[in-house]
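For reference, the chains in residue letters:
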Amino acid sequence: MYGFENMTFNIKDGFLEAIVRGHRSGLLSTGDYNNLCQCENLEDVKLNLSATDYGNSISNEASPIYTSTIVDKCTRKLVEDWEYMRTQADETLGTFLDYCTYGHMIDNVVLIVTGTIHERDVQDLLDKCHPLGMFDNIATLAVAQNMRELYRLVLVDTPLAPYFSENLTHEDLDEMNIEIMRNTLY
């Protein structure tokens, strides 16, 4: 039965491959990038992006447009596309796509832990988190009252628990060790 696995490729993977090919064709070309480099203001950026896949995301934004708005809208489109591919993926591809988001999850956990140590507002911290690194229980990390509780929450309530359990003790949760922990987990 050598070679017959390709006969059923489209049944299992054809739709998602077409989605990925569509996203690939929607990436900014060298010409698009060069045009963006020559923009003198954000309205020019908006105009140049309108001819790309990002155009629908920012076309309805009123003038004056801000850098943060462009970044937010483009990031939101990326996340929506990523989540759509993730929902369409089979188990092995879904696992791979999950692994791709772990870097953002690590950054978000480190941001929450550092913010909690410095007694920052939880909502401000959550607003700064990258959307690809969000998970259901991320807000629970910020309610920890002490380092031991924070350690337990990181080890129990996050998808990153297996990685943190190998590299983290509750004594390690101080500002210097958090950056070392981030670098170790990457």
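Residues numbered from 1 in each chain as written. Predicted model: local features only at pLDDT ≥ 70, side-chain atom pairs only at ≥ 80, totals over all residues. Heavy atoms only, no water.

1. Some thoughts on the overall build of the chain
Put simply, the rule is: Put simply, DSSP marks the helices as runs of H or I at least four residues long and the strands as runs of E at least two long, and each gets a number from the N terminus on. In this scheme, a residue with accessible area under 20% of its type's maximum is buried, one over 50% is exposed, and one in between is partly exposed, where area comes from a 1.4 Å probe on protein chains only. Residue burial considers only the protein chains on display, and all accessible areas are found by Shrake-Rupley using a 1.4 Å probe.
The number of helices and strands found in the chain is ten helices and zero strands. Taking all 186 residues of the chain together, 32% fall into the buried category. For the chain, the exposed surface amounts to about 12100 Å²; the carbon and sulfur share of it is 53%.

2. Here's the deal with the environment of Glu83
Tracing the sequence through the fold places Glu83 in helix H5 (residues 67–88). Given a relative accessible area of 44%, Glu83 falls into the partly exposed group.

3. Structural notes on the pattern of salt bridges
To keep it simple, the criterion reads: Here, a salt bridge means any side-chain nitrogen of Lys or Arg that lies within 4 Å of a carboxyl oxygen of Asp or Glu.
This model, assessed by the stated rule, comprises five salt bridges. Across the pair Asp81 and Lys77 runs a salt bridge whose closest N-O atoms are separated by 2.6 Å. Within this pair, Asp81 and its partner Lys77 are both found in helix H5, separated by four residues, close to a single helical turn.

4. Focus on the side chain of Thr101
Inclusion rule: Here, residues are in contact when the closest pair of their heavy atoms is within 4.5 Å.
Examined against the element boundaries, Thr101 turns out to sit in helix H6 (residues 91–117). The residues touching Thr101, leaving out its near neighbours within four places in the chain, are Trp82, Leu132 and Gly133.

5. Quick look at the packing of helix H1 (residues 9–25) against H5
Cut-off, in case you're wondering: To obtain each axis, a line is fitted to C-alpha atoms, and for helices this fit is confined to the stretch in contact; angles are then taken between N-to-C directions over 0 to 180 degrees. With respect to orientation, any angle under 35 degrees is reported as roughly parallel, any angle over 145 as roughly antiparallel, any angle of 65 to 115 as roughly perpendicular, and every other angle as oblique. Handedness of each helix crossing follows the sense of rotation of the near helix against the far helix: counterclockwise by less than a right angle gives left-handed, clockwise gives right-handed.
Viewed as axis vectors pointing N to C, H1 and H5 meet at an angle of 165 degrees, and their least axial separation amounts to 10 Å. In terms of axis orientation, H1 runs roughly antiparallel to H5. Handedness of the H1/H5 crossing: left-handed. When H1 is examined against H5, the residues Phe15, Leu16, Ile19, Val20 and His23 are found in contact with a partner set consisting of Asp81, Tyr84, Met85 and Gln88.

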